[in-house]
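The lines below spell out each chain.
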Amino acid sequence: MEEVFLILLGLIIGSFLNVLIYRMPIGKSIVKPRSYCPKCKKPIKFYDNIPVISFIILRGKCRGCKAKISLQYPLVEIFTAFTFWISYSFYFSISPIYTLFTIMFLCIMVVLAIIDFKHMILPDELTIGGGVLFLIYSFFNPLITYKDAFISAFGSALVFTLLYFFYLKVRKIEGLGFGDVKMMILLGAFLGVNKLLIALLLASLSGVIIGFIFIIFKGKDLKTKLPFGTFLGLGAYVSVFWGDCVLRFIQSVLR
Ligand SMILES: [Zn+2]
């Protein structure tokens, strides 16, 4: 029963995340106006705005102008519901408040990952705003100490700042965006050193793999910019649940 409620709540929050993903990069208010079709600008009726179900009933098209609705909408809704459920199953027995913060953290990861993928930006409201929120929460976090949180947040931001200037000076390219630096504060504040390192490892690995696929199949060169925030979000998501497992595995291999 609780799980059904969680999944429904996840679908509704997922639909709100879609609004953030669409409106934040273009600087529009996230509360007003009500949802509207990006093409014909008509407001979407409440019965056409039910997560996943409306998409299926309308067969992925606007009721008014028949413009295609991106598959991103139902996918984000379903993935958010999954996020609610998996956070609950992993952490609810440890702490309901921690579960809530895990869900908030992962929702921010989903929004940042998709916005960076589509627009190559990471909005400050999420990176800095989230960073401040999770640094405050680190005093109450049952899994890591606040020292761990502050060291990993500002240590990694410092390393990324140095890397940023290194790329800029030596290779004359913006290898990293400054948004990535700010995102590190958020990641470090919630994950702590161990899980942050795993998140970085996973982000770099997936970045390298995707980078090579792009170079081989799409004829891009090594200077092609990749949305590193997308990979960071992915790495952080996996690390929240399986970071400790990956760390133990690496330690057992190295031993
Ligand atoms: Zn329309």
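Heads up: the structure comes first, above all this text.
Some words on the coordination of the zinc ion
Logical step 1: Of the protein atoms, only Cys-37 (SG), Cys-40 (SG), Cys-62 (SG) and Cys-65 (SG) coordinate the zinc ion, at distances of 2.3 Å.
Logical step 2: Because the angles between the four donor atoms bound to the zinc ion fall within 106 to 114 degrees, the donor set is best described as tetrahedral.
Logical step 3: Read N to C, the donor residues that coordinate the zinc ion are spaced as C-x2-C-x21-C-x2-C. Separated by 22 residues along the polypeptide, Cys-40 in the loop between helix H1 (2-23) and helix H2 (53-57) and Cys-62 in the loop between H2 and helix H3 (72-91) bring together distant segments of the chain.

Let's talk about the packing of aromatic side chains
Logical step 1: Considering all chains together, one arrives at 25 aromatic pairs under this definition.
Logical step 2: Ring plane angle 80 degrees and centroid distance 5.0 Å describe the contact between Tyr-91 and Tyr-98, whose orientation is recorded as edge-to-face. Across this residue pair, the class does not change: Tyr-91 and Tyr-98 are buried.
Logical step 3: Ring centres of Tyr-164 and Phe-165 lie 5.1 Å apart, and the angle between their planes is 75 degrees; on these two criteria the pair is classed as edge-to-face.
Logical step 4: The exposure class of Tyr-164 is buried, given its relative accessible area of 11%.

Notes on H3
Logical step 1: Along its 20 residues, H3 runs 28 Å from first to last C-alpha, staying within 8% of the 28 Å computed at 1.5 Å per residue.
Logical step 2: For H3, every residue scored as buried is listed here: Gln-72, Pro-74, Val-76, Glu-77, Thr-80, Ala-81, Thr-83, Phe-84, Ile-86, Ser-87, Tyr-88 and Tyr-91.
Logical step 3: Considering only its buried residues, H3 is in contact with H1, H2, helix H4 (96-119), helix H7 (178-218) and helix H8 (228-254).

Thoughts on a positive patch on the surface
Logical step 1: On the surface, Arg-59, Lys-61, Lys-66 and Lys-68 cluster together to form a positively charged patch.
Logical step 2: By the element assignment, Arg-59 lies in the loop between H2 and H3.
Logical step 3: With a relative accessible area of 71%, Arg-59 lands in the exposed category.

Here is what the cut-offs are and how they apply
- The residue numbers shown here count from 1 along each chain, following its written sequence.
- Where local features are concerned, this predicted model is filtered to residues with pLDDT of at least 70; where side-chain atom pairs are given and counted, the filter is 80 or more; whole-chain, interface and lining totals use all residues.
- The side-chain quantities take in all heavy atoms of the structure and omit both hydrogens and water.
- The rule for donors is simple: N, O or S, within 2.8 Å of the metal, or within 3.2 Å if the metal is Na, K or Ca. Water isn't counted, so a site may look like it is missing partners.
- Here the metal geometry follows the donor angles, with tetrahedral for four donors whose angles all fall between 85 and 135 degrees, square planar for four and octahedral for six when opposite donors are more than 155 degrees apart and every other angle is between 65 and 115, and irregular for all the rest.
- The secondary structure listing takes helices from DSSP runs of H or I that are at least 4 residues long and strands from runs of E that are at least 2 residues long, numbered from the N terminus.
- Each Phe, Tyr or Trp ring (for Trp, its six-membered ring) is paired with any other whose centre lies within 6.5 Å, and the angle between the two planes then decides the class: stacked below 30 degrees, edge-to-face above 60, tilted in between.
- Relative accessibility decides the category of a residue: with a 1.4 Å probe and only protein chains considered, values under 20% of the type maximum give buried, values over 50% give exposed, and everything between is partly exposed.
- For a helix, the expected span equals 1.5 Å multiplied by the number of residues minus one.
- Contacts are residue-level and defined by heavy atoms, with any inter-residue pair within 4.5 Å sufficient.
- Patches here are clusters of residues that have more than 30% relative accessible area and form no salt bridge, with a 9 Å joining cutoff for like charges and a 5 Å cutoff for nonpolar side chains (Val, Leu, Ile, Met, Phe, Trp, Tyr).
- We get accessible surface area from the Shrake-Rupley algorithm with a probe of 1.4 Å; when it comes to residues, only the shown protein chains can shield them.
- A carboxyl oxygen of Asp or Glu within 4 Å of a side-chain nitrogen of Lys or Arg is what we treat as a salt bridge.
- Counted charges follow a simple rule, with Lys and Arg positive, Asp and Glu negative, and His plus the chain ends left uncounted.
- Taken as the charge location is NZ of Lys, CZ of Arg, CG of Asp or CD of Glu.

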